[in-house]
Amino acid sequence: MANAQGPETTGTVAPPLPTPRKTGGIGAATPRVDGRAKVTGAARYGSDFFGGPDPAYAFLATSAIARGRITEIDDSDARALPGVIDILTHRNVGDRVKPGKTFSDKGYMGTSIAPLASDRVWHDGQIVAVVVADSYEAARDAARRLRVSYADETPSASFDSPGTETVSAESKSKEGEKAGQEKPKVGDAPRAFEAAPVKIDQHYETPTQHHNPIELFTTTCAWDGDQLTVWESSQNVYGYQNGLAEQLGLEPSQIRVVSPFIGGAFGSRGSLTQRTALIALASKRIGRPVVLEATRQQGFTIATYRAETRHRIRLGADQSGKLTALIHEGWEVTSRKDEYKVAGTDASTRLYACPNIDSDVSIVHADRNTPGFMRSPPEVPYLFALESAMDELAYAAKIDPVELRRINDTDREPIKGLPYTSRSLMKCFDTAGQAFGWSRRSAQPGSMRDGDWMIGWGCASTMYPTQVGPAAARVTLRPDGAVRVQTAAHDIGTGAYTVIAQTAADRLGVPLDKVHVELGDTALPPAPVAGGSNTTASVCNVVAKACDEIRRKLAAAVTVSGGPLDGADPGRITLINASVMDDQGRMASLKDAVAKTGHGAVEAYAENIPHGAPPTAMQNLYKGQSALAGGAKLKDRIQFAFGAQFVEVRINARTREIRAPRIVGAYAGGTIVNPLTAKSQLMGGQIWGVSSALHEATEIDRRFARYYNDDLAEYLIPVNADITEVQTIFVPEEDHQVNELGIKGLGELGNVGLNAAVANAVFHATGVRIRKLPIRIESVLDAPVPT
Amino acid sequence: MRPFIYTRADDVSAAVQAAAETSGSAPANAAPVQFIAGGTTILDLMKLDTMRPERLVDINGLQSALGSIQATDKGLRLGALVRMSQAAEDPQIQRDYPVIAQSLQLAASAQLRNMASLGGNVLQRTRCQYFRNTSWPACNKRDPGSGCAALDGVNRKHAVLGVGDKCIAEYPGDFAPALAALGAVVTITGPNGSRAIPFEQLHRGPDQPERETTLAPGELITGFDIPAGPYTRRSLYVKVRDRQSYEFGLATAAVALHLVDGKVEEARIGLGGVAYRPWRSHEAEAALQGKPLDENSAEAAAQAAFAEAAPRRDNAYKVELGRRTLVRALLEAGRMEI
């Protein structure tokens, strides 16, 4: 991409440029441009769309067993209710809806289990019927009057359940290798571990978790002839469009997916769920728009979740704490049908210098729905294990946990020896450690106390791959300086509308309030899935590219003979203060400049294929395939963002309530486009880290392979009173290898490692090492009170 | 939620008559006519299809009769329609009956406390998901004779005291253990007139889990009388839970002490989060009687309180946690400056 400032012209001294109006530009702390719409209710979310004046309402009936067959559905009572229009079951759906392929199988679906394809029940809470009625109330009432009979079989719930099938994740090694999911290995780790003077060999466990976005899972479908419009909150509108086309036997161009605002997603809306095609079919059958709003409880079983994981970590080190061996084995639960896995050894083997590394991932098939992405899918569980083990190593080697990280810091990843494009891990530790007051820590576990409360301080590293996807955008500049940016990117609450507007304002030299951004609609040019923390990098770079194209068009127009900036070097034309300026400081109005192009407005469509993505990436993006490039997948370099997490826990010496009143994190993420939204994003992650360590777990009744605590009263997350002080600090970092604007995604950086930092703090407070999350009162009830 | 008829009552007798009209043999908690005040429990359970009343009688119009707080030297009278927040924030209750104020203040969320009535609060139903979620087939409380899924299921939050082999559901509330501790009397008006019973006799044991209280269908709680005692000022509520706010207690203790020269003249002890019904531990009270209040006597009282505990797989920790919660509450109450 061309540099906005051309090469320095020798011989002339350019006059000082007027101070650019920076308000709202890249790097400015900018309140959300959509904030007012959100708090006043003007922003419309999925279920705010009714598809037309006379919608019908759908209610799901879901299975009460996890494995077996439906033997009978008696719908006579349900059909007798006034207002009931239609009931979809496997008897009238069957193969009219194709299951589709899963995301990890190059498809779009979260699960390949098609609920109404047959009488087969694959998991708890599987959709067994869709009732459509004139009102939500009638549909709900009717759904509860369905009498579904099952021939149930004993299900396998999870790890250790009889009947599960454990397979090595290597079974798809060819595909896996292509997707960059190799099994990282270097040197001879088992031998080095045997020989190591200091060793850690431990098992760790993380629980099932559910996203529980506040916006429920909803779908509205309406047909206009053979054109289908779907309103549904989505992190991947092009993926939904193409996936639905496959499921329904349509051309993608027959489907429009609209998702302007999203009430939380966290990965749960990245892949298409099976409900959407069913609602489209229901709408087709009855010839009316259909609106579905699934219940909170149904959200636990009709969408994806973070599967429970187990880990064995072996660390070997010499007396100085230098790692000599690292072996990370992981086990993850998935459904009977799909081989979903997160395989976080990709990251956990790239954090520290170590000459001998081995790793392995296995998946355990159980009678569950297929799990899926949930914020930092691989790193949250895998770094919990690694960063807990590192803390154990620090105590075993009698080295401060921060110093242990310093001793094992590196500027090249240990598997292939590739250089990090940037790595500010220890700067983050030093910055956060200072803010936290780490130097005042007394190393001995159980040695810090405040009245009735035992105090523990813990820390851990965080890392997240810097990924960039192919993206397209269209930008239009009108003579009055009004800018319209169109791209089918997604603002999942992270501030995408704002950072995209800032980028355009910055590049086109107009005030932020002149920029109008349109997102989340397949009528717009495609952008990648809002996953892998890629949106800011992918979309801001392509928007900048389109803006630069507009600048070139204007520059060419104004510098022609007789133009307002006649004779100026087009390469040195800049857009600033809603004007066009040459390197002598001569200005022309946008109005004159646009007029000079001979058009009523200047428009540019840009595509961007990031470093490491295949040349077909743009064609595939239009097919809803995002091909994110970066992290550990590149052949010539490795790119991750890093940070340091510090936590103070307080544990009541008698009753053992565990609270985390103080969280401090420092993060380096390259260019921070908007410190305000970036801070919110990281802070949310930090709080989620506490949640992940102390609160969140979906309990499974193992006899029935069914979820027990399937609502927000029983699935705990922290409340305000749990979170007292959170410090979120940015460590300055420049990295212009990762992309033109130097942006490293940080949306998922904040919650990684924090669970380990909490567990490490619990150890410091009590001397008891908890290797299984969540850590609850009963985990530490028996710990002796330190004297 | 299923369709239902909604009516408003203007006075107590009309409310009671309205509720009595269609009553059959069902227990009061499953009768086809139910009262609604704040609605913080019944609306949830109707949406979940756990409760299916045919008719709701709104008693919010009885505010003038049932909505007042009266404190005299004899005791405290709380009308059934007093909102939780109203009692929790009452300065006189905070000073003279701190255990009452605290048990209410530490419950639920501000929004719920503003809506929920005291009468409805003591009748809130268990959080056992096998009860609340109708897709679980075995629940003796919801469907008598169907079994108890919790016995060998997920039972981390279930009760360890006063349980039976038909049901181990925990009584989740905070206010009720405080009422039990202070020996409150509950006043009731029904189709056959009014009566008053000790609060401890309001909730039933687990022999018939579907029958939760001794209320007859159509009977309405009109208020609570809490006698003043030499122990009411030295009283407090300790609530131990998984998070700092907006969460039910895993183990709670309502204690009130009359100390003379450091010795326990009289102790009143209620326990929450650990028992099948609002629990008063007469055993723990007796163990403390005449003893100097210290770590040892508090521990002995806690041992006595949980001597009969019957834990299951996931809730075994509640025995030890319940003891420690009681010890903490007793020692903190002992340190109170009154």
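Residues numbered from 1 in each chain as written. Chains lettered and ligands numbered in written order. Predicted model: local features only at pLDDT ≥ 70, side-chain atom pairs only at ≥ 80, totals over all residues. Heavy atoms only, no water.

### As for the side chain of Asp49 of chain B
Item 1. As for its position among the elements, Asp49 of chain B is in the loop between α2 (42–47) and β3 (55–58).
Item 2. In terms of polar contacts, Asp49 of chain B uses its side chain to reach the side chain of Arg2 of chain B, at 2.8 Å.
Item 3. In contact with Asp49 of chain B, other than residues within four places in its own chain, are Arg144 of chain A together with Arg2 and Thr134 of chain B. (Helix = DSSP H or I, 4+ residues; strand = E, 2+ residues; numbered from the N terminus. Polar contact = N/O pair within 3.5 Å; in protein donor to acceptor, adjacent residues only side chain to side chain. Contact = heavy atoms within 4.5 Å.)

### Regarding the environment of Arg96 of chain A
All names here are of chain A.
Item 1. Assignment of secondary structure puts Arg96 in the loop between β3 (84–88) and β4 (120–121).
Item 2. The exposure class assigned to Arg96 is exposed, which follows from its relative accessible area of 52%.
Item 3. Ignoring sequence-local partners within four residues, the contact set of Arg96 consists of Gln247 and Leu281.
Item 4. In this structure the side chain of Arg96 is engaged in a polar contact, spanning 3.0 Å, whose partner is the backbone oxygen of Asn92. (Buried < 20%, exposed > 50% of the residue type's maximum accessible area, 1.4 Å probe, protein only.)

### With respect to the pairing of strand β27 (residues 640–652) of chain A
Residue and element names in this part refer to chain A.
Item 1. Summarising burial for β27: twelve of the 13 residues are buried, a large majority.
Item 2. With 13 bridges joining them, strand β17 (residues 453–465) and β27 adopt antiparallel strand pairing. Among the inter-strand pairings, Met463 is bridged to a residue of β27, identified as Phe642.
Item 3. Relative to strand β28 (residues 658–668), β27 is paired through nine bridges, and the arrangement is antiparallel. Its bridge partner being in β28, Phe646 is matched across the sheet by Val664.
Item 4. Between the antiparallel neighbours β27 and β28 lie five residues, among them Arg656 with a positive phi of about 65 degrees. (Pairing = 2+ DSSP bridges.)

### Quick notes on the layout of surface pockets
Residue and element names in this part refer to chain A.
Item 1. Of the voids in this model, the second largest pocket is the one considered here, and its volume is about 820 Å³.
Item 2. Lining the second largest pocket are 27 residues, with Glu205, Glu699, Lys772, Leu773 and Arg776 sitting closest to its centre.
Item 3. Of all the secondary-structure elements, those providing two or more residues to the lining of the second largest pocket are β8 (198–206), β29 (700–701) and α19 (777–780).
Item 4. Looking at the lining of the second largest pocket residue by residue, the class counts come to seven nonpolar, six polar and 14 charged. (1 Å grid on protein atoms, 1.4 Å probe; cavity = no way out; pocket = protein on both sides within 12 Å on 5 of 7 lines; lining within 4 Å. Points joined across faces, edges and corners; volume = space filled by probe spheres on them. Nonpolar A, V, L, I, M, F, W, Y, C, P; charged D, E, K, R; others polar.)

### Brief notes about the sheet that holds β4 of chain A
Residue and element names in this part refer to chain A.
Item 1. The three strands lie next to each other as β4-β2-β6, forming an open sheet whose pairing is antiparallel. Looking at the sheet topology across the chains shown, the edges are occupied by β4 and β6 (147–152).
Item 2. With six bridges connecting them, strand β2 (residues 68–74) and β6 associate as antiparallel partners. Within the sheet, the bridge partner assigned to Gly68 lies in β6 and is Asp152.

### Points about the packing of helix α12 (residues 295–305) of chain B against helix α13 (residues 317–335) of chain B
Residues and elements named next belong to chain B.
Item 1. At a minimum axis distance of 9 Å, the contact between α12 and α13 shows a crossing angle of 140 degrees. Our classification of the angle between α12 and α13 gives oblique. For the pair α12 and α13, the crossing hand works out as right-handed. Each of Glu295, Ala298, Glu299, Ala301, Ala302, Gln303 and Ala305 in α12 lies in contact with α13, whose residues at this interface are Arg323, Leu326, Val327, Leu330 and Leu331.
Item 2. Looking at the contact of α12 with α13 residue by residue, the class counts come to eight nonpolar, one polar and three charged. (Axes fitted to C-alpha atoms, helices over the stretch in contact; angles between N-to-C directions. Parallel < 35°, antiparallel > 145°, perpendicular 65-115°, else oblique. Left-handed = near helix turned anticlockwise from the far one by under 90°.)

### A few points about the sheet that holds strand β22 (residues 574–576) of chain A
Residue and element names in this part refer to chain A.
Item 1. The antiparallel open sheet is built from three strands, whose spatial order is β22-β23-β24. Of all the strands in the sheet, the pair left with one neighbour each is β22 and β24 (587–589). Here the average twist between neighbouring strands, direction ignored, is 35 degrees.
Item 2. For strand β23 (residues 579–581) and β24, the ladder comprises three bridges, and the chain directions are antiparallel. Counterpart to Val580 in the pairing with β24 is Ala588.

### Quick notes on the interface of chain A and chain B
Item 1. Contacts between the two partners involve 34 residues from chain A, matched on the other side by 40 residues from chain B.
Item 2. Each partner contributes to the roughly 3400 Å² buried at the junction of chain A and chain B, and carbon and sulfur atoms together form 49% of this total.
Item 3. The three residues of chain A that bury the most area against chain B are Arg144, Arg654 and Tyr708 of chain A, which together make up 22% of that side's buried surface.
Item 4. Seen at the junction of chain A and chain B, the total is five salt bridges.
Item 5. Between Arg127 of chain B and Glu714 of chain A there is a salt bridge; the shortest N-O distance is 3.1 Å.
Item 6. Counting the contacts that link chain A with chain B gives 18 residue pairs in polar contact (both at pLDDT 80 or more).
Item 7. Class assignment of the residues belonging to the side of chain A that touches chain B gives a composition of twelve nonpolar, four polar and 18 charged. (Buried area = accessible area lost by both parts, 1.4 Å probe. Salt bridge = Lys/Arg side-chain N within 4 Å of Asp/Glu carboxyl O.)

### Points about the domain arrangement of chain A
Residues and elements named next belong to chain A.
Item 1. Looking at the assigned domains, one finds that chain A contains domain 1 (35–43 + 468–620), domain 2 (49–153 + 214–265 + 269–302) and domain 3 (167–208 + 306–466 + 634–780).
Item 2. Distance from the C-alpha centre of domain 2 to the C-alpha centre of domain 3: 36 Å.
Item 3. Facing 24 residues of domain 2, the contacting portion of domain 3 comprises 23 residues.
Item 4. Across the domain 2 to domain 3 interface the summed buried area is about 1900 Å²; carbon plus sulfur atoms make up 56%.
Item 5. Taken as a group, Trp122, Asp124 and Phe300 account for 30% of the area that domain 2 buries against domain 3, more than any other trio of residues on that side.
Item 6. Connecting domain 2 to domain 3 are two salt bridges.
Item 7. The residue Arg67 makes a salt bridge to Asp367 at a minimum N-O spacing of 3.1 Å.
Item 8. In this structure, the connection of domain 2 to domain 3 is made through eight residue pairs in polar contact (both at pLDDT 80 or more).
Item 9. A per-class count over the side of domain 2 that touches domain 3 returns eight nonpolar, eleven polar and five charged. (Domains from an automatic or database assignment.)

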